[in-house]
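Examination of the molecular architecture
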Amino acid sequence: MKSIKILTFGNSYSKDAHAWLPRILKSTGYDDVVIGHICNGGCNINNHWSNVDDDTTNDFHAFCSIDNNGTLERYFTSETLSLIDAYKLTIKAYEWDYVIIQHGPNHIEKRETYTHLRDLLDFIKDNLESKKAKFLF
């Protein structure tokens, strides 16, 4: 059985990609496809960090979901759980093969929106169940 587990930190663009990704992966021979998604509309790296930083006053109304072979297995929102807890539960849910960091569409050229990239990566690494995950940007 060919398996893949992908977790994405993104925004509406990654949400669009995730609508197609499971079918694409299945068509290439994957039998077991698990897609985790931590999503905030228009979110950039610093916004994701702000969602888990203890000192944050921002609330970007994130949602975190896991699609396990076409079944919505877990779904957390900022209304049902604190953002830091939702992020941690989603990160810890599986031994992810890939973690994708997708930057905000209107921020890619703005250096100041990357200032917390190292903080976000460290947070993710500290909460991963497995250290085998490969990071993609």
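One structure accompanies this document, and this report is about it. (Residues numbered from 1 in each chain as written. Predicted model: local features only at pLDDT ≥ 70, side-chain atom pairs only at ≥ 80, totals over all residues. Heavy atoms only, no water.)

**Overview of the pattern of salt bridges**
The following threshold applies: Criterion for a salt bridge: a side-chain nitrogen of Lys or Arg within 4 Å of a carboxyl oxygen of Asp or Glu. Where helices and strands are cited, they refer to DSSP runs of H or I of at least four residues and of E of at least two residues respectively, numbered from the N terminus. Three labels apply to residues, based on accessible area from a 1.4 Å probe with only protein chains included: buried if under 20% of the type maximum, exposed if over 50%, partly exposed otherwise in between.
Applying the stated criterion across every chain, the model contains three salt bridges. The shortest N-O distance in the salt bridge between Lys 132 and Asp 97 comes to 3.2 Å. Placement of Lys 132 in the loop between helix H4 (117-127) and strand S6 (134-136) and of Asp 97 in the loop between helix H3 (83-92) and strand S5 (98-101) is noted, with a sequence separation of 35 residues between them. As a salt-bridge pair, Asp 122 and Arg 118 come within 3.4 Å of each other at their nearest N and O atoms. One end of the pair, Asp 122, and the other, Arg 118, are both in helix H4, four residues apart, so they sit about a helical turn from each other. Residue classification places Arg 118 among the partly exposed residues on the basis of a relative accessible area of 47%.

**Quick notes on the side chain of Asn 11**
The following threshold applies: Residue contacts are defined here by distance: any two heavy atoms, one from each residue, within 4.5 Å place the two residues in contact.
Inspection of the secondary structure assignment puts Asn 11 in the loop between strand S1 (3-10) and helix H1 (12-27). Here Asn 11 falls in the buried class, since its relative accessible area comes to 0%. Setting aside residues no more than four positions away along its own chain, Asn 11 makes contact with His 37, Cys 39, Asn 40, Gly 41, Gly 42, Cys 43, Gln 102, His 103, Gly 104 and Pro 105.

**Details of the side chain of Asn 46**
As a reminder of what qualifies: Any pair of N or O atoms that falls within 3.5 Å is considered a polar contact. Within protein, one atom must be able to donate a hydrogen and the other to accept it, and sequence-neighbouring residues count only if both atoms are side-chain atoms.
Its place among the elements puts Asn 46 in helix H2 (residues 45-52). One polar contact links Asn 46 to Thr 115, side chain to side chain, over a distance of 3.0 Å.

**Considering the pairing of strand S2 (residues 32-39)**
Definition in use: Only when DSSP finds a minimum of two bridges between them are two strands counted as paired. A crossover counts as right-handed when, viewed with the strands pointing away from the observer, the path leading from the first strand over the helix to the second turns clockwise.
Of all eight residues making up S2, eight are buried, and the element is well covered by its neighbours. Both faces of S2 are covered, namely the face carrying Asp 32, Val 34, Gly 36 and Ile 38 and the face carrying Val 33, Ile 35, His 37 and Cys 39. Summarising the sheet, S1 and S2 pair through eight bridges and their orientation is parallel. Within the sheet, the bridge partner assigned to Lys 5 lies in S2 and is Val 34. Where the polypeptide runs from S1 across H1 and back to S2, its parallel neighbour, the crossover connection is right-handed. Bridge count for S2 against strand S3 (residues 63-68) is six bridges, and the pairing is antiparallel. Bridge pairing in S3 links Ile 35 to Asp 67.

**Comments concerning the nonpolar core**
Soluble, globular proteins show a tendency: their nonpolar side chains are buried together. What counts here: As used in this record, nonpolar core signifies buried Ala, Val, Leu, Ile, Met, Phe, Trp, Tyr and Cys residues forming a set joined through side-chain atoms within 4.5 Å.
In this structure, Phe 9, Ile 91, Trp 96, Val 99 and Ile 124 are the most contacted members of the largest nonpolar core, which totals 24 residues. A per-element tally of this core places H4 first, with four residues. The contact partners of Phe 9, leaving out residues within four places of it in the chain, are Ile 38, His 48, Tyr 87, Ile 91, Val 99, Ile 100, Ile 101, Gln 102 and Ile 124. In this structure, Ile 4, Ile 6, Leu 25 and Val 33 belong to the second largest nonpolar core, which totals five residues.

**Observations regarding the packing of aromatic side chains**
For the record, the criterion: Between 30 and 60 degrees the pair is tilted, below 30 it is stacked and above 60 it is edge-to-face, where a pair is any two Phe, Tyr or Trp rings, Trp via its six-membered ring, whose centres lie within 6.5 Å. Should the NZ of a Lys or the CZ of an Arg lie within 6 Å of a ring centre and within 35 degrees of the ring normal, that charge is described as sitting over the ring.
If you walk through the whole model with that rule in mind, you get three aromatic pairs. Note on Tyr 94 and Trp 96: the rings are 5.5 Å apart at their centroids and 65 degrees apart in plane angle, and the pair reads as edge-to-face. When its relative accessible area of 16% is taken as the criterion, Tyr 94 is described as buried. Residues Tyr 114 and Phe 137 carry aromatic rings whose centres are separated by 6.3 Å and whose planes lie at 50 degrees to one another, so their mutual orientation is tilted. Highlighted residues: Tyr 114 in the loop between S5 and H4 and Phe 137 in the segment after S6, separated in sequence by 23 residues. Note on Tyr 114: relative accessible area 24%, which makes it partly exposed. Phe 137 sits in the exposed class, given a relative accessible area of 59%. The ring centre of Tyr 30 lies 4.6 Å from the NZ or CZ of Lys 2, which sits over that ring. One residue, Lys 125, lies across the ring of Phe 135, its end atom 5.7 Å from the ring centre.

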